[in-house]
Amino acid sequence: MAKVGLIGVGNMGMGMSRNILKAGHELIAYDVRPEPLETLVKEGARAAASPREVGGAADNIFIMVLNVKQVKAALLGEDGLLAGLKPGSTVICTATIGRSQVIEVAELVTAKGIYIIDAPVSGGAPGAAAGTLTMMVSAPTETFEASKPVLEAVGRDIYHVGEEAGMGQTVKSALAVLIGTTYAGIFEALTLAVKAGVKPEMLRDVVSTSVVGNFLFRDTTENILTRNFKGQSNIGTMYKDLSLAKNMANDCGVPLFAASAAFELFQAGKAVNPDEDNWTIIKILENIAGIEIKKTE
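Residues numbered from 1 in each chain as written. Predicted model: local features only at pLDDT ≥ 70, side-chain atom pairs only at ≥ 80, totals over all residues. Heavy atoms only, no water.

So, on to the overall build of the chain. Of regular secondary structure, the chain possesses 14 helices and nine strands. The C-alpha radius of gyration computed for the chain amounts to 20 Å, which stays within 12% of the reference 19 Å derived for 297 residues, consistent with globular compactness. In terms of overall dimensions, the chain has C-alpha extents of about 65 × 45 × 30 Å along its principal axes. In the chain, the share of contacts with a sequence separation of at least 24, taken over all contacts with a separation of at least 6, comes to 67%. Surface exposure of the chain reaches about 13,600 Å², of which carbon and sulfur atoms provide 55%. Side-chain charges in the chain split into 27 positive and 32 negative, and the spacing between the mean points of these groups amounts to 4 Å. (Helix = DSSP H or I, 4+ residues; strand = E, 2+ residues; numbered from the N terminus. Rg over C-alpha atoms; globule rule 2.2 N^0.38 Å. Contact = heavy atoms within 4.5 Å. Areas by Shrake-Rupley, 256 points an atom, 1.4 Å probe, with all protein chains shown as cover. Lys, Arg positive; Asp, Glu negative; His and termini not counted. Charge placed at Lys NZ, Arg CZ, Asp CG, Glu CD.)

Here it is, written out as structure tokens:
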């Protein structure tokens, strides 16, 4: 079994940590907050006082934080991860930080003789808890194969999308475009139908058995109908992912018509209800239409 480190024990990192332990690996974890570390210690992990301590104790280290600023904070400085890592260790960046940013981070890491895997994930907190994350892995084949047992502890569908850092983030940004525009379509379809007099349950049932009746539609609609707006998928994360996709599109000279409209919806939702989940955007459309979409049965 491997000696695994994890930096960032938030909603995603907690689920990943538990699955690393469940797979039988040793785990040393670090977070700026003591509470999640105390929980993990009770479950068999070791808590580190700094990222440097994680680096000194583990051979494969996951970084699961929010943005590139936090990734660099974890890596750099006297108490940073790079100060403790041994040459030949592997950093696994599962944070979604964007293509150009992960390339910059990779240069910092590889200059120290350390391997890096660009591996953003999809599946949210539920996927992290269940160990069923989709992983978009970019790394040399040899590095990917060597780290596969560790990746399999947290992911179910693991795709080797490229050899160079940046390709994982590229695929994740393309996925964010599709997810963001799908959310926008769900919100507008629900608002239109309910305003016109259709029961939301009826629309849910019809769409669920149609060609677009996917998990995202069913889960989003159920949360809206039950007015469940907190605790699953904070809007700030999707907003960040769409921002990164737009930045990459600018770099590549690719227009994003639908995704840009979706981005504006997420920006509005984040401005109004920053502590709620993605589907909080429905409240903005409800206010415009003068309705509330909730269970009628």
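The structure having been displayed, the exposition proceeds.
Note: strand β8 (residues 133-138) against strand β9 (residues 155-162), six bridges, orientation parallel. Directly across from Ser138, in β9, lies its bridge partner Gly162. (Pairing = 2+ DSSP bridges.)

Below, the discussion takes up the pairing of strand β6 (residues 115-118). Inspection of the sheet shows strand β5 (residues 90-93) paired to β6 by four bridges, in the parallel sense. If you follow Ile92 over to β6, its bridge partner there is Ile117. Handedness of the crossover joining β5 and β6 through helix α6 (residues 99-110) is recorded here as right-handed. (Right-handed = clockwise from strand over helix to strand, strands pointing away.)

The next subject is the pattern of salt bridges. This structure, assessed with the given rule, holds 15 salt bridges. Notably, a salt bridge pairs Asp31 with Arg33, separated by 3.0 Å at the nearest N-O pair. Overall, Arg33 belongs to the partly exposed group, its relative accessible area being 39%. Residue Lys283 pairs with Glu276 through a salt bridge whose shortest N-O separation is 2.8 Å. (Salt bridge = Lys/Arg side-chain N within 4 Å of Asp/Glu carboxyl O. Buried < 20%, exposed > 50% of the residue type's maximum accessible area, 1.4 Å probe, protein only.)

Okay, unusual backbone geometry next. In this structure, Arg227 takes a positive phi of about 55 degrees despite not being glycine. With respect to the helices, strands and loops of the structure, Arg227 is situated in the loop between α11 (215-225) and α12 (235-252). The class for Arg227 is partly exposed, based on a relative accessible area of 24%.

Turning our eyes to something else, we now look at the packing of helix α9 (residues 167-195) against helix α13 (residues 257-272). Direction vectors running N to C along α9 and α13 enclose 65 degrees, while the axes themselves pass 8 Å from each other. Classed by the angle they form, the pair α9 and α13 counts as roughly perpendicular. Every pair of crossing elements has a handedness; the one defined by α9 and α13 is left-handed. Residue-level contacts link Val177, Gly180, Thr181, Tyr183 and Ala184 of α9 to Ala258, Ala259, Ala262, Leu265 and Phe266 of α13. Here the contact of α9 with α13 is built from residues that sort into eight nonpolar, two polar and no charged. (Axes fitted to C-alpha atoms, helices over the stretch in contact; angles between N-to-C directions. Parallel < 35°, antiparallel > 145°, perpendicular 65-115°, else oblique. Left-handed = near helix turned anticlockwise from the far one by under 90°. Nonpolar A, V, L, I, M, F, W, Y, C, P; charged D, E, K, R; others polar.)

Structural measurements only, silent on function.
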